[in-house]
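Below, each chain spelled out in residue letters.
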Amino acid sequence: MKNQKKILVIIFMSLLVFFTVTLKADSGWDGSYDSGGSSSWDSGSSWSGSSGGGSSSWDSGSSWSGSSGGGSYSGTSNPVVSIIIIIVFVYIVYKSMVNDKNKKQVKSNISFKVSPLKIEVIKEILPDFDKNEFRQSSYSIYKNIQEAWMNFDYETLKQNTTNELYNTYRSELLALKAKKQKNIMKDFELLDFEIVDMEKGVESVSLKVRALIKCHDYVINSKEEVVRGTSKRKVVYNYEMTFTKGLNKNDNKCPNCNAPLENVSSSTCPYCNSTVISTNHDWVLSKKQVISQEME
């Protein structure tokens, strides 16, 4: 409603100027705009983007005469052209208002409100828990996974994820590699972080966190051409992630044949080939979900 009133005032003032002032000079307008869409990528997810631009030109229909020596000219105004100029001016002002409003909306959405879990609750299960240490550790795990994803580093992925998540990532990376594409993820910034929930199992404990992380995220082909996303702007991701940790430090045996396991993060037992559910004693990522995202 406020924008509509502003536009009406602009139109009224423009028409007032038009009918009270005689135009004696040729005029022109040169303007362009572009708009960027939003993108997301969560270790294999897709994203979409849009851009647009426009320009316009016209012949005012005015007549003039001049000499190269004197540098003088005379012109006759055209009412139709003047009205067109006013309409274009009003349109540009309106677009500027809309863009400013959209920018404010984007800025307001790059945040989240959550109810943090009390540290005392966590310490009932993990007496030596340190929130700042966990924050840095989980953020490092996140970055390690994203960089491993970018570089097709399966071993690092396996060390930082649960077996189920690793198998999902591996299959998605194989599909990406078959397309001869690479997902570039870099320049990470942790903007906000909070622990929101905890779940205790028989042999493990999981902490659910919400994190606001900004980074570059786009896909290139074998010629290093950007085919998805944009390399010019960062994306702000609102994540919900779950990190899991094993509780039984002596749990290094296969649950099926009871054989000793040297690598507790292995997905299969080397003796009976049964699937082994990892109970890694260090924090690993078990789930990651993008709640929302915005272009910077």
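Residues numbered from 1 in each chain as written. Predicted model: local features only at pLDDT ≥ 70, side-chain atom pairs only at ≥ 80, totals over all residues. Heavy atoms only, no water.

Enquirer: Honestly, unusual backbone geometry in this entry has me stumped. Any pointers?
Expert: If you check the backbone angles, Phe152 has positive phi at about 55° while not being a glycine. Residue placement: Phe152 occurs in the loop between α4 (131-150) and α5 (154-160). (Helix = DSSP H or I, 4+ residues; strand = E, 2+ residues; numbered from the N terminus.)

Enquirer: Explain helix α6 (residues 163-178) here, please?
Expert: Helical periodicity: at 3.6 residues per turn, an α-helix aligns residues three or four positions apart in one direction. Taking 1.5 Å as the rise per residue, α6 with 16 residues should run 22 Å; its terminal C-alpha atoms sit 23 Å apart, in good agreement. Those residues of α6 lying buried are Asn163, Leu165, Tyr166, Tyr169, Leu173 and Leu176. Down the axis, α6 shows its buried residues gathered within 145° of arc, on one side only. Residues of α6 that are exposed and point more than 90 degrees away from the buried face comprise Glu164 and Ala178. The inward-facing, buried residues of α6 abut α4, α5, β3 (182-200) and β7 (284-295). Just downstream of α6 lies Lys180, where phi reads positive at about 60°. (Expected span 1.5 Å × (residues − 1). Buried < 20%, exposed > 50% of the residue type's maximum accessible area, 1.4 Å probe, protein only. Arc of directions from axis to C-beta. Contact = heavy atoms within 4.5 Å.)

Enquirer: Is there a simple way to think about the packing of aromatic side chains in this case?
Expert: For any pair of aromatic rings, geometry is given as the distance between the ring centres together with the angle between the planes. Taken as a whole, this structure holds eight aromatic pairs when the rule is applied. Ring centres 5.7 Å apart and planes at 85° place the aromatic pair Tyr142 and Phe188 in the edge-to-face group. Placement of Tyr142 in helix α4 and of Phe188 in strand β3 is noted, with a sequence separation of 46 residues between them. Using a relative accessible area of 1% as the deciding quantity, one classes Tyr142 as buried. A relative accessible area of 14% places Phe188 in the buried class. One aromatic cluster is present, formed by Phe129, Phe134, Phe193, Phe243 and Trp283 through successive ring pairs. Residue placement shows Arg170 over the ring face of Tyr154; its charged tip is 5.9 Å from the ring centre. (Phe/Tyr/Trp six-rings, centres within 6.5 Å; stacked < 30°, edge-to-face > 60°. Lys NZ or Arg CZ within 6 Å of the ring centre and 35° of its normal.)

Enquirer: Quick question: what am I supposed to make of the pairing of strand β5 (residues 226-229) here?
Expert: On any regular strand, side chains alternate: one points to one face of the sheet, the next to the other face. By the bridge criterion, three bridges tie strand β4 (residues 204-220) to β5 in an arrangement that is antiparallel. Residue pairing for β5: Ile220 is matched across the bridge by Val226. (Pairing = 2+ DSSP bridges.)

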